[in-house]
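Below, each chain spelled out in residue letters.
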Amino acid sequence: MDQGVAAVVAAAVAGTVAVAGSFIGVWVGRRQVRDQAQVEHEQWLRGQRQEAFVDFLAIWDEAAAQLDERTLNEYQIEILDQEDGWDTANEAVAEQMHRDRIPVARAAERVVMLGPQPVALAATTMMDALEYLAVGIGAQYIPPEEGSGSGRYDTYGEATKASSARRKEFVVEATKLLQTAPDTKRL
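These notes cover the structure that comes with them. (Residues numbered from 1 in each chain as written. Predicted model: local features only at pLDDT ≥ 70, side-chain atom pairs only at ≥ 80, totals over all residues. Heavy atoms only, no water.)

1. Points about the overall build of the protein chain
Here's step 1: Within the protein chain, the regular secondary structure consists of five helices and zero strands.
Here's step 2: Listed by position from the N terminus, the elements making up the protein chain come as α-α-α-α-α.
Here's step 3: A globule of 187 residues ought to have a C-alpha radius of gyration of about 16 Å, yet the protein chain, at 31 Å, is considerably larger.
Here's step 4: By principal-axis analysis of the C-alpha atoms, the protein chain measures approximately 120 × 25 × 20 Å.
Here's step 5: Each of the 187 residues in the protein chain was classed as buried or not, and the buried ones make up 27%.
Here's step 6: Of the contacts formed within the protein chain by residues at least 6 apart in sequence, a portion of 81% connects residues at least 24 apart.
Here's step 7: In the protein chain, 18 side chains carry a positive charge and 29 a negative one; their mean positions are 14 Å apart. (Helix = DSSP H or I, 4+ residues; strand = E, 2+ residues; numbered from the N terminus. Rg over C-alpha atoms; globule rule 2.2 N^0.38 Å. Buried < 20%, exposed > 50% of the residue type's maximum accessible area, 1.4 Å probe, protein only. Contact = heavy atoms within 4.5 Å. Lys, Arg positive; Asp, Glu negative; His and termini not counted. Charge placed at Lys NZ, Arg CZ, Asp CG, Glu CD.)

Shown next as structure tokens:
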């Protein structure tokens, strides 16, 4: 009977080990799949972020250049004075500047959605700087008799400096993110 009990105990132990091994195998397999999915998602996100950041900067630069083209020179101011075309010019430039900023807003939304927070915040401040540029240009389209006079270009000059600083801040934050290796300890 001792051999029978030993055989039953050995079979029970073998069955328990087999069942435990199956559960451990399933758990390890699921963990491996989950870890692999996490790694693939992070790689995908990194690529999406890089593309979004580069696109945002390119579109922002293009819009800033378009806004810069809307600034008035002395000849244009003289023509607007002679023709009393300030109101019409103001409405036209406001509409044009609005259209100039739409693609930038869309690109900024993508950056904000992809994050992370420091880069999203930097993109938001760049959008604020772009609005400030538009205000600076709009100030140039106020008729001289309404008070813009000699300060016509001051707001735009300040806005240009501020926008340049905001762009640099964005590049710094994006560079930090993209040059940082993934944290393998989390997995």
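2. Digging into the packing of aromatic side chains
Here's step 1: In the structure shown here, the tally under the stated rule is two aromatic pairs.
Here's step 2: Summarising the aromatic geometry, the rings of Phe53 and Phe170 are spaced 5.8 Å apart at their centres and angled 85° between planes, so their arrangement reads as edge-to-face. Here Phe53 is found in helix α1 (residues 2–69), whereas its partner Phe170 is found in helix α5 (residues 154–179), with 117 residues between them in sequence.
Here's step 3: An angle of 65° between the planes, with centres 5.1 Å apart, marks the rings of Phe56 and Phe170 as edge-to-face. (Phe/Tyr/Trp six-rings, centres within 6.5 Å; stacked < 30°, edge-to-face > 60°.)

3. Focus: the pattern of salt bridges
Here's step 1: Scanning the entire structure with this criterion turns up eight salt bridges.
Here's step 2: Where Asp61 meets Arg167, a salt bridge forms, and the shortest distance between an N and an O atom there is 2.7 Å. Pair noted here: Asp61 is in helix α1 and Arg167 is in helix α5, with a separation of 106 residues, a long-range link.
Here's step 3: Given a relative accessible area of 25%, Arg167 falls into the partly exposed group.
Here's step 4: Connected through salt bridges with shared partners, the residues Glu51, Asp55 and Arg110 form a single ionic network. (Salt bridge = Lys/Arg side-chain N within 4 Å of Asp/Glu carboxyl O.)

4. Re the packing of helix α3 (residues 86–114) against helix α4 (residues 117–140)
A pair of packed helices can be characterised by two numbers: the angle between their axes and the separation between those axes.
Here's step 1: Interaxial distance between α3 and α4 falls to 10 Å at its minimum, and their mutual angle equals 175°. Considered as vectors, α3 and α4 are oriented roughly antiparallel to each other. On α4, the residues touching Trp86, Val93, Met97, Arg101, Val104, Ala105, Ala108, Val111 and Val112 of α3 are Val119, Ala120, Ala123, Thr124, Met127, Leu130, Glu131, Ala134, Ile137, Gly138 and Gln140.
Here's step 2: Looking at the contact of α3 with α4 residue by residue, the class counts come to 15 nonpolar, three polar and two charged. (Axes fitted to C-alpha atoms, helices over the stretch in contact; angles between N-to-C directions. Parallel < 35°, antiparallel > 145°, perpendicular 65-115°, else oblique. Nonpolar A, V, L, I, M, F, W, Y, C, P; charged D, E, K, R; others polar.)

5. Some details on the nonpolar core
Most often, soluble globular proteins keep nonpolar side chains buried together rather than apart.
Here's step 1: Ranked by size, the top nonpolar core spans 35 residues in total, and within it Phe56, Val111 and Phe170 carry the most contacts.
Here's step 2: Within the residue set of this core, elements represented by two or more residues are α1, α2 (74–83), α3, α4 and α5.
Here's step 3: Every residue in contact with Phe170, bar those within four places of it in the chain, is listed here: Phe53, Phe56, Leu57, Val111, Val119, Ala122, Ala123 and Met126. (Core = buried A, V, L, I, M, F, W, Y, C linked by side-chain atoms within 4.5 Å.)

Shape is all these values report; function is a separate question.
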